[in-house]
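# Tertiary structure, described
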Amino acid sequence: MAKSITNTQVDAVITWVDGNDENWQEKINTYSESKINFSSKKHLKRYNSIGEIDIAIKSIIKFASFVTNIFLVTDNQSPESFNSLKKLAESKNINLELVDHKVIFREYEEHLPCFNSCSIGSMLFRIPGLSEHFIIFNDDTFIMRQTTVGDFFINKQPIIRGQWQDFNENRTIRTFYHKLLSFFGKPVIKNKISFKKFQQNSAKLAKTDKYVRRFHTPVCVRKSTLQNFFKNNDLLKENIKHRFRDGNQFIISSLSEHLEIKNNTFHYRNNSQLTYFRSYKKLWLTKLKLKWFEQNKNKLFITFQSLDMSNNKTLAYILKWIEKRIGDKQ
């Protein structure tokens, strides 16, 4: 039976931006070709924050106590509650540390400021003092049940969660559909900027036959895998030159996974162990999904995408559920 690593240091890395910060809003509008109206509903959904970063950090402290360091990567920002979060982490022998973009972009400062998660993510493995084994978290994905190292690494190799899929150009039905669109004079967007496209770009760099379409779960990474890959090419420099997303970019989390797949140094799970929320219109459905999470002991993670877009009643229920979950003994 495969064993997890028990005496190896594992760190957590979270990228975060405070979209409510007026200084940051002014900065991004300085560089953006089209100015962003941060009061519009469309952009509130993308940039607004209701304290998810606090929940993300607390959930790691509570349910992943094996973590040695939590590195919070920001653009000259800090959560209002950072000092109290740091004390909470220290009480569990965990170091919580802010890492500025200037640190990970050292020697590449000409590409700052950067507002592109693909570019920023590409530099995470350059965090000073980062362990060989680390886990990348989104700030809207929380651990909500006790975990061990073995839920992320087995025999020092990362666990990859996702679904095997063909590349777009190899999907017969998709190709046929595009031909129909062209026949009827409809536009076909072949290089659409999307998370799915970035994953496929990453897999192609690793030269795998298919790709794993990743779930919205934490990503397990080995630093040396990335260091070795970038040692003899300029792909990193090419990827980080984009301040805003470009359709030809790769994402470091997916590249890392597919490099491990290519080298057969991974453990695969097609079960996401995730409860995923992106709609909050029906309170009864939200309650049902949260109750199912409580009952299903195999579930480890919850993602609340655009939680700030839920109505007040649903939001209050979710936040109360989270507060109780983090505070309760599991």
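On a predicted model such as this, the values are computed, not experimentally measured, just so you know.

## Quick word on helix α8 (residues 195-206)
If you check α8, its first and last C-alpha atoms are 17 Å apart, about what 12 residues at 1.5 Å a residue would give, namely 16 Å. Of all 12 residues in α8, nine are buried, a share of seventy percent or more. Looking only at α8, the buried set comprises Lys196, Lys197, Phe198, Gln199, Gln200, Asn201, Ser202, Ala203 and Ala206. A positive phi of about 65 degrees marks Lys207, the residue just after α8.

## Quick notes on the pairing of strand β9 (residues 219-222)
Burial of the side chains of β9 extends over both faces: Val219 and Val221 are buried on one face and Cys220 and Arg222 on the other. Bridge count for strand β4 (residues 133-137) against β9 is four bridges, and the pairing is antiparallel. Residue pairing in the sheet places Ile136 in a bridge with Val219 of β9.

## Thoughts on the environment of Ile154
By secondary structure assignment, the location of Ile154 is in strand β6 (residues 153-154). With 112 residues separating them in the primary sequence, Ile154 and Phe266 have C-alpha atoms 8.2 Å apart.

## Focus: the packing of aromatic side chains
Any two aromatic rings considered together are summarised by their centre-to-centre distance and by the angle between their planes. Following the criterion strictly, the structure yields 14 aromatic pairs and no others. Here the aromatic rings of Phe142 and Phe304 are separated by 6.1 Å at their centres, their planes lie at 40 degrees, and the arrangement is tilted. Placement of the pair is Phe142 in strand β5 (residues 141-143) and Phe304 in strand β12 (residues 301-304), with a sequence separation of 162 residues. On the accessibility criterion, Phe142 (0% relative accessible area) is buried. Judged by relative accessible area, Phe304 falls into the buried class, the value being 1%. Between Phe152 and Phe301, the aromatic rings sit 6.1 Å apart at their centres with planes inclined by 55 degrees, giving tilted as the arrangement.

## Thoughts on the sheet that holds strand β11 (residues 274-277)
Across a sheet, strands are paired by hydrogen bonds formed along the backbone, either parallel or antiparallel in direction. The three strands lie next to each other as β5-β12-β11, forming an open sheet whose pairing is mixed. Only two strands of the sheet have a single neighbouring strand rather than two, namely β5 and β11. In this sheet, neighbouring strand axes are inclined to one another by 20 degrees on average, regardless of whether the strands run parallel or antiparallel. Pairing geometry for β11 and β12, over four bridges, is parallel. Within β12, the residue paired with Phe277 across the bridge is Phe304.

Reading the values: rules and limits
- Residues numbered from 1 in each chain as written.
- Predicted model: local features only at pLDDT ≥ 70, side-chain atom pairs only at ≥ 80, totals over all residues.
- Heavy atoms only, no water.
- Helix = DSSP H or I, 4+ residues; strand = E, 2+ residues; numbered from the N terminus.
- Expected span 1.5 Å × (residues − 1).
- Buried < 20%, exposed > 50% of the residue type's maximum accessible area, 1.4 Å probe, protein only.
- Pairing = 2+ DSSP bridges.
- Phe/Tyr/Trp six-rings, centres within 6.5 Å; stacked < 30°, edge-to-face > 60°.
- Axes fitted to C-alpha atoms, helices over the stretch in contact; angles between N-to-C directions.

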